[in-house]
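Spelled out from the first residue to the last, the chains are:
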Amino acid sequence: MTLDGTNTWVLSEPGSEQVVIIDPGPKDGKHLRRVADVVAGQGRRIGLVLLTHGHPDHSAGAKRLTELAGGNVAVRALDPRHRLGEEGLAEGDVVTLGGLELHVMETPGHSNDSLTFWLPADGAVLTGDTVLGYGSTVVEGKLGDYLNSLDRLRRFSEEVGARVVLPGHGPELNDPIAALDGYIGHRRERLAQVEAAVAAGARTAREVVERVYADVDKSLWRAAEASVQAQLDYLAERGALPDR
């Protein structure tokens, strides 16, 4: 589910004494200590923690990391349940620290609280689980929202000349437009496959998964069901499903 594990991004401007941590990761002592040691080894300190969303593999280690950093470090997120401190994050926010500048975009779909961060200094789009380094993501929110988020990121990346996607899992992607086109195309293809499965007699998300994901490891079928249900809901809302 997490590919090679969760990517924790350590960002700072050259010469700055402070870093921004994006997605501290799970509550894994070895990983969190390594993050703290990397920052200390650079002669810097953690000044702020940001979350792309609240899933535990991205957020559960946040509080412990702030403790390792000496406390008094805010954790900012869209969902208030995952914050430490009073300040959250929302569409259009610009986060600054030590000369570093990050722009916040709400990109729901994978989850309702998913955010993307734009780092103009590096031409980098930090996508959390909205776009992964390889494979496709699970849609727990509304598929319509997710497709809109992908379309928006595609337009945005072209407008600003984005140079790299830094995902929440997997390797960086050095062709953002191609990556997003691939994601959008994959979703459209899956929608067509779901429609075809329903037309062939599938009635539940599980039955669709058994047809559409037959070549996928069965350990991933439960996650696939969530995505299929989102697709069924999307198609039903648009009257695109045959009568059952």
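As a starting point, this report considers the structure included with it.

About the thresholds
- Residues numbered from 1 in each chain as written.
- Predicted model: local features only at pLDDT ≥ 70, side-chain atom pairs only at ≥ 80, totals over all residues.
- Heavy atoms only, no water.
- Core = buried A, V, L, I, M, F, W, Y, C linked by side-chain atoms within 4.5 Å.
- Buried < 20%, exposed > 50% of the residue type's maximum accessible area, 1.4 Å probe, protein only.
- Helix = DSSP H or I, 4+ residues; strand = E, 2+ residues; numbered from the N terminus.
- Pairing = 2+ DSSP bridges.
- Contact = heavy atoms within 4.5 Å.
- Axes fitted to C-alpha atoms, helices over the stretch in contact; angles between N-to-C directions.
- Parallel < 35°, antiparallel > 145°, perpendicular 65-115°, else oblique.
- Nonpolar A, V, L, I, M, F, W, Y, C, P; charged D, E, K, R; others polar.
- Left-handed = near helix turned anticlockwise from the far one by under 90°.

### With respect to the nonpolar core
For soluble globular proteins, the rule of thumb is that nonpolar side chains tend to be buried together.
And step 1. Counting 37 residues, the largest nonpolar core has Val-131, Leu-143, Leu-150, Val-208, Tyr-213, Val-228 and Leu-232 as the members making the most contacts within it.
And step 2. In terms of residue count, helix 5 (residues 176-199) provides more of this core than any other element does, eight residues in total.
And step 3. Grouped together as the second largest cluster of nonpolar side chains are 20 residues, Leu-100, Leu-115, Ala-124 and Leu-126 included.

### Here's the deal with the sheet that holds strand 1 (residues 9-11)
And step 1. Spatially, 1-2-3-4 is the arrangement adopted by the four strands of the open sheet, whose pairing is mixed. The strands lining the two open edges of the sheet, one partner per strand, are strand 1 and strand 4 (75-76).
And step 2. The pairing of strand 3 (residues 45-50) with strand 4 spans two bridges and is classified as parallel. If you follow Val-49 over to strand 4, its bridge partner there is Val-75.
And step 3. Together, strand 1, strand 2 (18-22) and strand 3 form the strand contacts of helix 1 (residues 29-41), whose direction differs from that of strand 2 by roughly 155 degrees.

### Remarks on the packing of helix 4 (residues 143-160) against helix 7 (residues 221-237)
And step 1. Where helix 4 meets helix 7, the axes come as close as 8 Å, and the angle between the chain directions of the two elements is 95 degrees. As the angle between them shows, helix 4 and helix 7 are arranged roughly perpendicular. Side by side, helix 4 and helix 7 meet where Leu-143, Gly-144 and Leu-147 of the first sit next to Ala-230, Gln-231 and Tyr-234 of the second.
And step 2. Class assignment of the residues belonging to the contact of helix 4 with helix 7 gives a composition of four nonpolar, two polar and no charged.

### Topic: the environment of Gly-109
And step 1. Relative to the helices and strands, Gly-109 is located in the loop between strand 6 (100-106) and strand 7 (115-119).
And step 2. The sequence separation of Gly-109 and Leu-166 amounts to 57 residues, and the corresponding C-alpha distance is 18 Å.

### Brief notes about the side chain of Asn-7
And step 1. Inspection of the secondary structure puts Asn-7 in the segment before strand 1.
And step 2. In this view, Asn-7 contacts Ile-22, Asp-23, Pro-167, Gly-168, His-169 and Gly-170; residues no more than four positions away in its chain are not counted.

### Quick word on the packing of helix 5 against helix 6 (residues 205-212)
And step 1. Remark: helix 5 packs on helix 6, axes separated minimally by 9 Å, with the N-to-C direction vectors making an angle of 110 degrees. Put simply, helix 5 runs roughly perpendicular to helix 6. Seen along the crossing, helix 5 lies across helix 6 with a hand that is right-handed. Facing Arg-190, Gln-193, Val-194, Ala-197 and Val-198 of helix 5, the residues of helix 6 in contact are Val-208, Arg-211 and Val-212.
And step 2. For the contact of helix 5 with helix 6, the per-class residue count stands at five nonpolar, one polar and two charged.

Read these as spatial facts, not as claims about activity.
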